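# Breakdown of the fold
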Amino acid sequence: MTLNAWTLLPHLDDDFPLALDAPFTVSMARSAGVPRRWLKRLVDEGLLRHPIKGCYIAAQAPDDTRTRAECLKLVAPADAVIVDRHAGWLQGANMLLLPNEHLEAMPVTMYLPAASGRRLRASLADSGERTFQDEDITQMHGLRVTTPLRTALDLGRQRWPEAAISALDALHRLGTFSVEELVAEVPRFAGMRWVTTLRRVAAHTDGRSMSGGESVVRWRWLHMTDVPPPELQVHVVHGHREAFIDVANEERLAGIEVQSRAWHTGDAKVAADANRLKWLREAKGWVIEELWPHDIYGHNARVESAIMSVFCQARERDRRAS
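Residues numbered from 1 in each chain as written. Predicted model: local features only at pLDDT ≥ 70, side-chain atom pairs only at ≥ 80, totals over all residues. Heavy atoms only, no water.

## Considering the overall build of the protein chain
Helix and strand counts for the protein chain stand at 13 helices and 13 strands. A globule of 322 residues ought to have a C-alpha radius of gyration of about 20 Å, yet the protein chain, at 25 Å, is considerably larger. Summarising its shape, the C-alpha atoms of the protein chain cover approximately 85 × 50 × 35 Å along the three principal directions. Taking all 322 residues of the protein chain together, 47% fall into the buried category. Counting contacts in the protein chain only where the partners sit at least 6 residues apart, residues at least 24 apart contribute 57% of the total. When the accessible surface of the protein chain is totalled, it reaches about 16,700 Å², and 52% of it is carbon and sulfur. Computing the positive centroid from 40 side-chain charges and the negative centroid from 42, the protein chain places the two 4 Å apart. (Helix = DSSP H or I, 4+ residues; strand = E, 2+ residues; numbered from the N terminus. Rg over C-alpha atoms; globule rule 2.2 N^0.38 Å. Buried < 20%, exposed > 50% of the residue type's maximum accessible area, 1.4 Å probe, protein only. Contact = heavy atoms within 4.5 Å. Areas by Shrake-Rupley, 256 points an atom, 1.4 Å probe, with all protein chains shown as cover. Lys, Arg positive; Asp, Glu negative; His and termini not counted. Charge placed at Lys NZ, Arg CZ, Asp CG, Glu CD.)

Now the structure itself:
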């Protein structure tokens, strides 16, 4: 098929001599019989994207983090390292991405070793320099990526402890390092920015948190002095029926359920969740309050008041029972 024929299509098809789901370079296109001037025309026609110098990809390919990383892989220096949220995401800690980032990708956080004296200049990369040890880096899909442990040590150094503990929980859930290993590594970052946050949260890391919201609720609860401590994923069994409560105190039968649109959409899911909570409340006597993202984050957050509310209700329940 010729260039003019391609420009008549709504999108490139299998007649295009290069992969439609992977990026390619100018030299790869030339080898496939597509000269540089054709690439420019196909970009102008909206059939190709040109996300980074020297790299092209079919317009219908997803513009997600993995695709952007693959683009960078083609043109970035061999010693570049993907770090922070995107390193964790590539290894399976999906909840590290920002809301909807899997749909609208942010620049990939890719750094060069500090000794290189260089910095990536690319719109797809949020870059800088960072010091690494050999054991800090692993290989994934041909990309150099910080290990989950090193990624946790980096993401734990943030200004706000809620963001730090959410990241640490997500990475610990991968099962590649223990809390003891994490804590033991903290001293090597002494004097670095926000290391005080890392010291504060590291020992409280718990991969049983299933979402950032659960991590924040547990962290806030841990620092309330007038209520019993929280437990994660409390397992309630009665006969042939069982259920889990996100963050709770089993002794007092008081808990918090962290809800989200991602997991509670569709009539069947909503009905099943309502039925589960009704059983816990009526058959087992639990006091449970549901919190949504707007209850956990931002100016209208009410995490502490919700926790106090369930314990006040639990005390009243026990008073009536006695």
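Now that the structure is up, let's keep going.
## Re the sheet that holds strand β3 (residues 55-58)
On the basis of which strands lie adjacent, the open sheet formed by 3 strands has the order β1-β3-β2 and antiparallel pairing. Each edge of the open sheet carries a strand with a single partner, namely β1 (24-25) and β2 (48-52). Of the strand pairs in this sheet, β2 and β3 are connected by 3 bridges, and their pairing is antiparallel. Across the sheet, R49 pairs through a bridge with I57, a residue of β3. The strands touched by helix α4 (residues 65-75) are β1, β2 and β3; relative to β2, the strand with the most contacts, the crossing angle is about 65 degrees. (Pairing = 2+ DSSP bridges. Axes fitted to C-alpha atoms, helices over the stretch in contact; angles between N-to-C directions.)

## As for the pattern of salt bridges
Evaluation of the coordinates by the stated rule reveals 22 salt bridges. Put simply, D154 and R157 hold a salt bridge, and the shortest N to O gap is 2.5 Å. Across the pair, exposure class does not vary: D154 and R157 are buried alike. (Salt bridge = Lys/Arg side-chain N within 4 Å of Asp/Glu carboxyl O.)

## Brief notes about the packing of helix α7 (residues 161-172) against helix α10 (residues 212-222)
It is the contact of α7 with α10, at a shortest axis distance of 9 Å, that shows an interaxial angle of 125 degrees. On the basis of their axis angle, the class for α7 and α10 is oblique. By crossing handedness, the relation of α7 to α10 is classed as right-handed. Listed contacts from α10 to P161, E162, I165, S166 and D169 of α7 are G212, S215, V216, R218, W219 and R220. Looking at the contact of α7 with α10 residue by residue, the classes come out as 4 nonpolar, 3 polar and 4 charged. (Parallel < 35°, antiparallel > 145°, perpendicular 65-115°, else oblique. Left-handed = near helix turned anticlockwise from the far one by under 90°. Nonpolar A, V, L, I, M, F, W, Y, C, P; charged D, E, K, R; others polar.)

## What to know about α10
In terms of residue burial, α10 counts as a mostly covered element, since 9 of its 11 residues are buried. Of all the residues in α10, the buried ones are G212, G213, E214, S215, V216, V217, R218, W219 and W221.

## A few points about the packing of α10 against helix α13 (residues 303-321)
Two numbers describe how α10 lies on α13: the axes approach to 10 Å, and their chain directions differ by 70 degrees. Considered as vectors, α10 and α13 are oriented roughly perpendicular to each other. Note on packing geometry: the crossing formed by α10 with α13 is right-handed. Here α10 contributes V217, R220 and W221 to the contact with α13, which in turn contributes V303, E304, I307 and F311. A breakdown of the residues in the contact of α10 with α13 according to their chemical character gives 5 nonpolar, no polar and 2 charged.

## Quick notes on the pairing of strand β13 (residues 287-291)
Burial analysis of β13 places 4 of its 5 residues in the buried class, the great majority of the element. Pairing analysis gives 5 bridges linking strand β12 (residues 254-258) to β13, with the strands arranged parallel. Across the sheet, residue V258 finds its bridge partner in β13, namely L291.

## A few points about a nonpolar patch on the surface
Taken together, the side chains of M28, L74 and V75 make up a nonpolar region of the molecular surface, amounting to roughly 210 Å² of accessible area. Take L74: it is sitting in helix α4. (Patch = residues over 30% accessible without salt bridge, like charges linked within 9 Å, V, L, I, M, F, W, Y side chains within 5 Å.)

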